[in-house]
Amino acid sequence: MTSKEEKLFQDRMSRHIDELRWLYMELYDNGSMFAELCQKLYDYAAERSAALKKRDLEREENPDWYKSNSLTGMMMYIDNFAGNLNGLREKLPYVEQAGVNLLHLMPFLDTVAERSDGGYAVADFRKVRADLGTMEDLEQLADVCHKKGISLCMDFVMNHTSQDHEWAQRARQGDGEYMSRYFFYSDPAIPAEYEKTVPQVFPSTAPGNFTWLDDCNHYVMTSFYPYQWDLNYQNPRVFNEMMYNFLFLANKGMDMIRIDAVPYIWKELGTDCRNLPQVHTIVRMMRIIGEIVCPGVILLGEVVMEPVKVVPYFGSIDKPECHLLYNVTTMCTTWHTVATRDMRLLRRQLDAVNALPKKYVFLNYLRCHDDIGWGLDYEWLKQSFGTDEVLHKRYLNDYFQGFTGDSNSRGELYNDDIASGDARLCGTTASLCGIEKAGFEQDHAAMERAVCFDLTLHAMMFMQTGIPMLYSGDELAQVNDYSYKDDPKKAADSRYLHRGKMRWELSERMHDLETPEGRVFCGLNALLALRGTCPAFGTEADVWTLDTGDDGLLAIGRYADGQKIIGVFNFTEWDKTVTFPHDSGEFKDMLTDKSYVLQDLSVPAYGFYYLEQRSEA
């Protein structure tokens, strides 16, 4: 490091060292391991490239860069989207045309390709999966992306490693040092005690929380799958080494690190091994380490709970943890609204999010790589409507398979548990909105309604505060890919229904407004352009819901800098009329420039409005 860089590092270290030492010693009480960690922080800071150091400085000057309403994400599997990392680099002009400037790359680190887990069983944190390229290719992609104003996000799987990881292999051979990095027990009584209090993640496809290893006569903790071995963060060596992996990957040009399965990181006998206080200590230390070495990198926490319950993972104002969290519950509640044509639960959910401090920023989405789990507020549904949880989940799953409720959706179940009647749901946005069915039946009127509904759901998602994240293919109305059934490695996992390969022939029609692909692509482009330039879409805007007098109509208001926007969204197949008595004067349709008053406003079936009114700020 130059003397200037050395001083900058020491300044950052001095701001954080006392708290980092206190947290580390409270958790581990190991001075030599803490000293090693501090030395490694210096080493990784020194190794950071000049371009990334410059990026760090720019983002320190603008620490809220990730809160910009001009930021739009797209998540993708590299192989499905473009073959490999170099292929993705060649597709960046398309990414730019889609209005996307944040790429969430699904797991790409070395793993055993034969497994159907999406790459979450990492065999080597310092190596890219061979068929996708090399670390050098990743660095080149990051460099080109940064020059184009595109940020990169990756998954950091820190809860577990693959059983093929070097640590796991050495543990399996009986090396005590490496066995201590996992949870190994020869006495079955200890796993049995854990099972008394720890819920199962996949009770039907991967039951239990431990796997018996015949070759070494031990049980090992495997919360998710038998080949994913949980790491023991009570061992400071595990924490240190995983932080070194984190910094290694940050130094390859990542702008956002998604921490997978955050609540599971700390395990303790006699608890449910979820959301324990030590998890927050670890995430806080990770935040500090990032601010010392790579302050341009932000942390996205994967915490699958309703927003009011995930708030602790943001930390506090003076001791922040994650920069961003997923808004999972609003996503699944949106699809609940699609099936019931009743927005009351969704409105309640949005009101809860809008009541949170504006400094809390969520990542919003309609669909992702995973299934839709029906984690709804069943207590409220039961109290309000007498809803039975099991029967309601069955209705939702039947609806999205196209079996009931005058449904036009086409989806499939995942992890169908016959005993409990529970299941999760798979399908692309387009197929769940009816585009697949309309195309198969060559029903032009139905296709028009389905395309409108697809755009309406995206428009509603864009009205939420935070970063909108598209799933690749959704921008072209790509439908379900049933070819996964022909692949023995994937046939048992219905999530591959919506993880199909990008159909690049569809992009040839992305500007043809006579096609579903063109309608959706251009429609999303127009919405994102508005979102990126209007102050009322900013994270500091006031946001509220409005009373529509109709359970099928949702209305959201936003205000900032003299701009008021009211979004109205029709979740039904019927035209609706609505009046907003407290919003007088003339409003302009932001997409057509037509003028409206908000009395007896006609909202078409499955349609929406973005209505704007300007005043002096």
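Presented here is a report on the structure given in the accompanying data block. (Residues numbered from 1 in each chain as written. Predicted model: local features only at pLDDT ≥ 70, side-chain atom pairs only at ≥ 80, totals over all residues. Heavy atoms only, no water.)

## Re the pattern of salt bridges
Oppositely charged side chains can pair when the atoms bearing their charge come close.
Logical step 1: This model, assessed by the stated rule, comprises 48 salt bridges.
Logical step 2: The residue aspartate 155 makes a salt bridge to arginine 258 at a minimum N-O spacing of 2.7 Å. Taken together, the positions of aspartate 155 in strand 5 (residues 151–156) and arginine 258 in strand 11 (residues 256–259) put the pair 103 residues apart, joining distant regions of the chain.
Logical step 3: For aspartate 155, a relative accessible area of 4% translates into the label buried.
Logical step 4: A salt bridge links lysine 196 to glutamate 193, with the shortest nitrogen-to-oxygen separation between them at 2.7 Å. (Salt bridge = Lys/Arg side-chain N within 4 Å of Asp/Glu carboxyl O. Helix = DSSP H or I, 4+ residues; strand = E, 2+ residues; numbered from the N terminus. Buried < 20%, exposed > 50% of the residue type's maximum accessible area, 1.4 Å probe, protein only.)

## Section: the sheet that holds strand 5
Logical step 1: Strand order in the closed barrel formed by 8 strands is 1-2-5-11-12-13-14-17, with parallel pairing between adjacent strands. On average, adjacent strands in this sheet sit at an angle of 25° to one another, irrespective of strand direction.
Logical step 2: Across 4 bridges, the pairing between strand 5 and strand 11 is parallel. By the bridge assignment for strand 11, cysteine 153 is matched with methionine 256. (Pairing = 2+ DSSP bridges. Axes fitted to C-alpha atoms, helices over the stretch in contact; angles between N-to-C directions.)

## Remarks on the pairing of strand 1 (residues 73–76)
Logical step 1: By the alternation rule, side chains of strand 1 split into Gly73 and Met75 and Met74 and Met76, which are all buried.
Logical step 2: By the bridge criterion, 3 bridges tie strand 1 to strand 17 (residues 467–471) in an arrangement that is parallel. Looking at the pairing, glycine 73 lines up with methionine 469 of strand 17.

## Some details on the state of the cysteines
Logical step 1: Summed over the entire model, instances satisfying the criterion amount to 0 disulfides.
Logical step 2: Cysteine cysteine 322 is unpaired, with the sulfur of cysteine 153 as its nearest cysteine sulfur at 12 Å.
Logical step 3: Note on cysteine 534: no disulfide assigned, nearest cysteine sulfur contributed by cysteine 522 at a separation of 19 Å.
Logical step 4: Given the relative accessible area of 7%, cysteine 534 is considered buried. (Disulfide = S-S within 2.5 Å.)

## Thoughts on helix 7 (residues 135–147)
A turn of α-helix holds 3.6 residues, and therefore any two residues three or four places apart point the same way.
Logical step 1: When the terminal C-alpha atoms of helix 7 are compared, their 19 Å separation across 13 residues agrees well with the 18 Å that a helix rising 1.5 Å per residue should span.
Logical step 2: Where helix 7 is concerned, the buried positions are Met135, Asp137, Leu138, Leu141, Ala142, Cys145 and His146. The buried residues of helix 7 occupy an angular sector of 165° when the element is viewed end-on, so they sit on one face.
Logical step 3: One or two steps after helix 7, the chain reaches glycine 149, where phi turns positive at roughly 80°. (Expected span 1.5 Å × (residues − 1). Arc of directions from axis to C-beta.)

## What about the sheet that holds strand 7 (residues 184–185)?
Logical step 1: Read from one edge of the open sheet, 3 strands run 7-9-8, paired in antiparallel fashion. Each edge of the sheet is formed by a strand with only one pairing partner; in this case those strands are strand 7 and strand 8 (210–213).
Logical step 2: In the sheet, strand 8 pairs with strand 9 (residues 218–221) via 4 bridges, with the strands oriented antiparallel. By the bridge assignment for strand 9, leucine 213 is matched with histidine 218.

## Comments concerning the side chain of asparagine 69
Logical step 1: Of note, asparagine 69 is situated in the loop between helix 3 (50–61) and strand 1.
Logical step 2: Given a relative accessible area of 16%, asparagine 69 falls into the buried group.
Logical step 3: Looking at asparagine 69, its side chain comes within polar contact range of the main-chain oxygen of cysteine 534, at 3.2 Å.
Logical step 4: If we skip the residues at most four places from it in the chain, asparagine 69 touches Arg531, Gly532, Thr533, Cys534, Phe537 and Gly538. (Polar contact = N/O pair within 3.5 Å; in protein donor to acceptor, adjacent residues only side chain to side chain. Contact = heavy atoms within 4.5 Å.)

## Brief notes about the packing of helix 2 (residues 31–47) against helix 12 (residues 277–293)
Helix-helix packing is characterised by the crossing angle of the two axes and by the distance between the axes.
Logical step 1: At their nearest, the axes of helix 2 and helix 12 sit 9 Å apart, and the two run at 40° to each other. One finds that helix 2 runs oblique with respect to helix 12. Crossing geometry of helix 2 relative to helix 12 is assigned as right-handed. Contact with helix 2, carried on its side by Leu37, Leu41, Tyr44 and Ala45, involves Ile289, Ile292 and Val293 of helix 12 and no other residues of that element.
Logical step 2: Its residues placed into classes, the contact of helix 2 with helix 12 shows 7 nonpolar, no polar and no charged. (Parallel < 35°, antiparallel > 145°, perpendicular 65-115°, else oblique. Left-handed = near helix turned anticlockwise from the far one by under 90°. Nonpolar A, V, L, I, M, F, W, Y, C, P; charged D, E, K, R; others polar.)

## Some thoughts on the environment of leucine 71
Logical step 1: Here leucine 71 is to be found in the loop between helix 3 and strand 1.
Logical step 2: Leucine 71 sits in the buried class, given a relative accessible area of 7%.
Logical step 3: With 397 residues separating them in the primary sequence, leucine 71 and proline 468 have C-alpha atoms 7.7 Å apart.
Logical step 4: Each residue touching leucine 71, except ones within four places of it in the same chain, is listed here: Trp65, Tyr66, Asn101, Leu102, Ile467, Pro468 and Arg531.

## Notes on the packing of helix 14 (residues 328–340) against helix 15 (residues 344–354)
Logical step 1: Direction vectors running N to C along helix 14 and helix 15 enclose 160°, while the axes themselves pass 9 Å from each other. Taken together, the axes of helix 14 and helix 15 are roughly antiparallel relative to one another. Every pair of crossing elements has a handedness; the one defined by helix 14 and helix 15 is left-handed. Only Leu345, Leu346, Gln349, Leu350 and Val353 of helix 15 make contact with helix 14, whose side of the interface consists of Thr329, Thr330, Thr333, Thr334, His336 and Thr337.
Logical step 2: Tallied by class, residues from the contact of helix 14 with helix 15 come to 4 nonpolar, 7 polar and no charged.

## A look at the nonpolar core
Logical step 1: Judged by nonpolar contacts, the single largest core of 184 residues is most densely connected at Leu103, Tyr233 and Tyr610.
Logical step 2: Contact partners of leucine 103, with chain neighbours within four places excluded, come to Met74, Met76, Leu88, Leu92, Val95, Ile150, Ser151, Leu152 and Cys153.
Logical step 3: Formed by 14 residues, the second largest nonpolar core is a distinct cluster that contains Ala121, Phe202, Tyr225 and Tyr227. (Core = buried A, V, L, I, M, F, W, Y, C linked by side-chain atoms within 4.5 Å.)

## Points about the packing of aromatic side chains
Logical step 1: Inspection of the entire model under this criterion finds 38 aromatic pairs.
Logical step 2: The interplanar angle of 45° and the centroid separation of 6.3 Å between the aromatic rings of phenylalanine 156 and phenylalanine 246 together place this pair among those described as tilted. Linking phenylalanine 156 in strand 5 with phenylalanine 246 in helix 11 (residues 236–250), this pair joins segments that are 90 residues apart in sequence. The pair formed by phenylalanine 156 and phenylalanine 246 is uniform in burial state, with each residue classed as buried.
Logical step 3: For the ring pair phenylalanine 608 and tyrosine 610, a centre distance of 5.6 Å and an interplane angle of 75° mean the geometry is edge-to-face. (Phe/Tyr/Trp six-rings, centres within 6.5 Å; stacked < 30°, edge-to-face > 60°.)

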